[in-house]
Amino acid sequence: MASTATGANSDDARTIRFKSREHEEFFWEYLPRCRWMDTYHQALIYCLGISDDT
């Protein structure tokens, strides 16, 4: 079955795509403050950074 996800056929599936420069800066600033550096906490920081409220 072929994937319909945008960019699924790219060579580097580990690339993080940020909404804006501010989103990227938020991610890299707050990620080291997490107690654990696993994919779940990375996803949490990523999602928190997308919202303008946080």
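From a predicted model like this one, the values you see are computed outputs, not experimental measurements. (Residues numbered from 1 in each chain as written. Predicted model: local features only at pLDDT ≥ 70, side-chain atom pairs only at ≥ 80, totals over all residues. Heavy atoms only, no water.)

Caption draft 1: Highlighting the pattern of salt bridges. For the coordinates displayed, the defined rule picks out three salt bridges. Among the salt bridges present, the one from Arg33 reaches Glu29, with a minimum N-O distance of 3.7 Å. A relative accessible area of 59% places Arg33 in the exposed class. Classification of Glu29 as partly exposed rests on a relative accessible area of 43%. Connected through shared salt-bridge partners, Arg21, Glu24 and Glu25 make up one network. (Salt bridge = Lys/Arg side-chain N within 4 Å of Asp/Glu carboxyl O. Buried < 20%, exposed > 50% of the residue type's maximum accessible area, 1.4 Å probe, protein only.)

Caption draft 2: Region of the structure containing the environment of Met37. Mapped onto the elements of the fold, Met37 is located in the loop between helix H1 (21-30) and helix H2 (39-50). Ignoring sequence-local partners within four residues, the contact set of Met37 consists of Leu31, Pro32 and Gln42. (Helix = DSSP H or I, 4+ residues; strand = E, 2+ residues; numbered from the N terminus. Contact = heavy atoms within 4.5 Å.)

Caption draft 3: Focus on the packing of aromatic side chains. For the structure shown, the criterion picks out five aromatic pairs. Judged by centre distance (5.5 Å) and plane angle (55°), the ring pair of Phe18 and Phe27 falls under tilted. Relative to Tyr46, the ring of Phe27 has its centre 6.4 Å away and its plane inclined at 75°; by these criteria the two rings are edge-to-face. Taken together, the residues span a long stretch of sequence, with Phe27 in helix H1 and Tyr46 in helix H2 at a distance of 19 residues. For Phe27, a relative accessible area of 3% puts it in the buried group. Residue Tyr46 is classed as partly exposed on the basis of its relative accessible area, which comes to 24%. Following the ring pairs from residue to residue traces out a cluster consisting of Phe18, Phe27, Trp28 and Tyr46. (Phe/Tyr/Trp six-rings, centres within 6.5 Å; stacked < 30°, edge-to-face > 60°.)

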